[in-house]
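Per-entry structural report
Now for the letters of each chain:
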Amino acid sequence: MRSRWKMYATISAATAALLAVGGATQASTFAAQQVHLAASVAAVSPAHVRTYYIAADEVLWDYAPHATNDITGAAFTADEQVFTKQGPNRIGHKYWKALYRGYTDASFTQSIVRPTSCAPTARVCDDTLGMLGPVIRASVGDTIKVVFKNNTSNPTSVHPHGVFYQKNAEGTPYNDGTAGSNKDDDAVPPGATFIYNWAVPERAGPGPMDGSSVMWMYHSHTDEVADTNAGLIGPMVITAAGKADPATATPLDVDREIFSYFTVENENNSQYLERNLKQLAGPPHVIAADDADAFEESNLMHSINGYVYGNGPVPTMRKGQRVRWYTFTLGTEVDLHTPHWHGNTETTNGMRSDMIQLLPGMMTVSDMVPDDLGTWLFHCHVNDHILAGMQARYRVTA
């Protein structure tokens, strides 16, 4: 895997050996070895320059690839078809979007194929990202290098949260007193490439109430509202020094990481609205005044990772595993979300619950050790959002 993406390297031999340990009688030995390995990592692991090759690509995205309500197991109802049915002046559940995608090197000729499913024992396998960009991972003390290519028809950028950046790597155009090369990062033209360098100091890593890793996000900020509604957003995880696998930067005390982006993706505010209307909706492709509100409503996709009504992959984990959920959102005053797990509980900032609260821009880390087997609902508890499709599932096996 190292040849395909530097950060998705083969797990270190020491960690692999630890993961091979099984059986209840060896649990204490396993824990002791984990502590010993973490101490060894802290003592000998140098800082890394972690390089990612990420492009903004134009993608025909399907919010409901199964063309059915996977939560109910039935066809879409008339109310659900408001958001999913294609027809005269209705785009349906497929939209042209701009999405971040990973590549193997700076030639940007070979994209990284995403897995569609993972064994529950796979520590690094981002099989449920959906429309999200690749996970950027690093440890405190590292440097992140993003080689970015804009393959879209609009200027875009990459703006990070949390890490340390100079003015020439902020990815945001505004009147900040800079000029010249300090502005090149703000709006990368179509077809152009730009390199972002971000440092990862202590203040980018976990704080006093956090676990071994903390979540940030990155997104385009050239035209932030239009860019993020078009889909240009991805997750970033920073792990404390000495607590990450040196090759992958994933936290050693976590068996499974899952990323969930709750948002009402407003396709009316995307740069691709006119293209979607003309290419994907049925004629007449002109919205009458008395249909404007209904048309706009049909383009509000209440999604989790870009899927509605449970159409996304179902993350699978084993009973007793240490599962870390990274949950976040952007949007408007409509994006007040209450993600809720059926069947199991989690801890967030040391508090036990089975739901969390999200406001636009919030990034939350929740730890779960599932003990209840089955396929379980994971959804926003806001009533309107339930009805509009902001629902998913997860699975716990023996």
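On a predicted model such as this, the values are computed, not experimentally measured, just so you know. (Residues numbered from 1 in each chain as written. Predicted model: local features only at pLDDT ≥ 70, side-chain atom pairs only at ≥ 80, totals over all residues. Heavy atoms only, no water.)

1. Brief notes about the overall build of the protein
The cut-off we apply is this: We count a stretch as a helix when DSSP gives it H or I for four or more residues in a row; a strand needs E for two or more, and each element gets its number in order from the N terminus. Accessibility throughout is a Shrake-Rupley quantity obtained with a 1.4 Å probe, and a residue counts as covered only by protein chains that appear here.
Secondary structure assignment for the protein yields seven helices and 18 strands. Taken as a whole, the protein presents about 16500 Å² of accessible surface, with 56% of it coming from carbon and sulfur.

2. Details of empty space enclosed by the protein
Using the following cut-off: The definitions used throughout rest on a 1 Å grid laid over the protein atoms alone, on which a cavity is an enclosed set of points accommodating a 1.4 Å probe that cannot get out and a pocket is an open set flanked by protein within 12 Å on both sides along at least five of seven lines; lining residues are those having an atom within 4 Å of a point. Grid points are joined across faces, edges and corners, and a volume is the space filled by probe spheres set on the points. Note on residue classes: Ala, Val, Leu, Ile, Met, Phe, Trp, Tyr, Cys and Pro are nonpolar, Asp, Glu, Lys and Arg are charged, and everything else, Gly too, is polar.
Considering all chains together, one arrives at one cavity of 30 Å³ or more under this definition. Around the largest cavity sit 18 residues that line it, and Ile304, Asn305, Pro313, Pro315 and Ala392 are the ones nearest its centre. Looking at the lining of the largest cavity, the elements with two or more residues in it are strand 9 (256–266) and strand 18 (391–397). Counting residues per element, the lining of the largest cavity draws most heavily on strand 18, at four residues. Looking at the lining of the largest cavity, its residues break down into 11 nonpolar, six polar and one charged.

3. Notes on the pairing of strand 7 (residues 213–219)
What counts, and what does not: Each residue is assigned to one of three classes by its accessible area relative to the maximum for its type, calculated with a 1.4 Å probe on protein chains only: buried under 20%, partly exposed between the two thresholds, exposed over 50%. Any two strands with at least two DSSP-identified bridges between them are counted as paired.
With respect to burial, strand 7 is a largely interior element, seven of its seven residues being buried. The alternating pattern of strand 7 places Ser213, Met215, Met217 and His219 on one face and Val214, Trp216 and Tyr218 on the opposite face, and all of these are buried. Note that strand 5 (residues 159–160) and strand 7 share two bridges and pair antiparallel. Directly across from His159, in strand 7, lies its bridge partner His219. Bridge count between strand 7 and strand 8 (residues 233–239): seven bridges; the pairing is antiparallel. Directly across from Tyr218, in strand 8, lies its bridge partner Gly234.

4. Considerations on the nonpolar core
Short version of the rule: For the purposes of this section, nonpolar cores are sets of buried Ala, Val, Leu, Ile, Met, Phe, Trp, Tyr and Cys residues that join through side-chain atoms within 4.5 Å. Any two residues having at least one pair of non-hydrogen atoms within 4.5 Å are treated as being in contact.
Formed by 61 residues in total, the largest nonpolar core has its most connected members in Ile136, Ile144, Tyr196, Trp198 and Ile238. Aside from chain neighbours lying at most four places away, what touches Ile144 is Arg50, Tyr52, Ile136, Ala138, Val163, Tyr196, Asn197, Trp198, Val200, Met236 and Ile238. Judged by nonpolar contacts, the second largest core, of 17 residues, contains Ile258, Trp325, Phe378 and Met390.

5. Focus: the confidence of the model for the protein
Short version of the rule: Confidence per residue, as judged by the predictor, is encoded in pLDDT with a range of 0 to 100.
On average, residues of the protein score 90 in pLDDT, and 88% of them reach the 70 mark or higher. Note on residues 1–44: pLDDT is under 50 here. Beyond four places in sequence and across chains, it has 63 contacts.

6. So, the environment of Lys94
Here Lys94 lies in strand 2 (residues 94–103). Through-space distance from the C-alpha of Lys94 to that of Tyr63 is 6.2 Å; in sequence the pair is 31 residues apart. Not counting chain neighbours up to four residues away, the residues in contact with Lys94 comprise Leu60, Trp61, Asp62 and Leu280.

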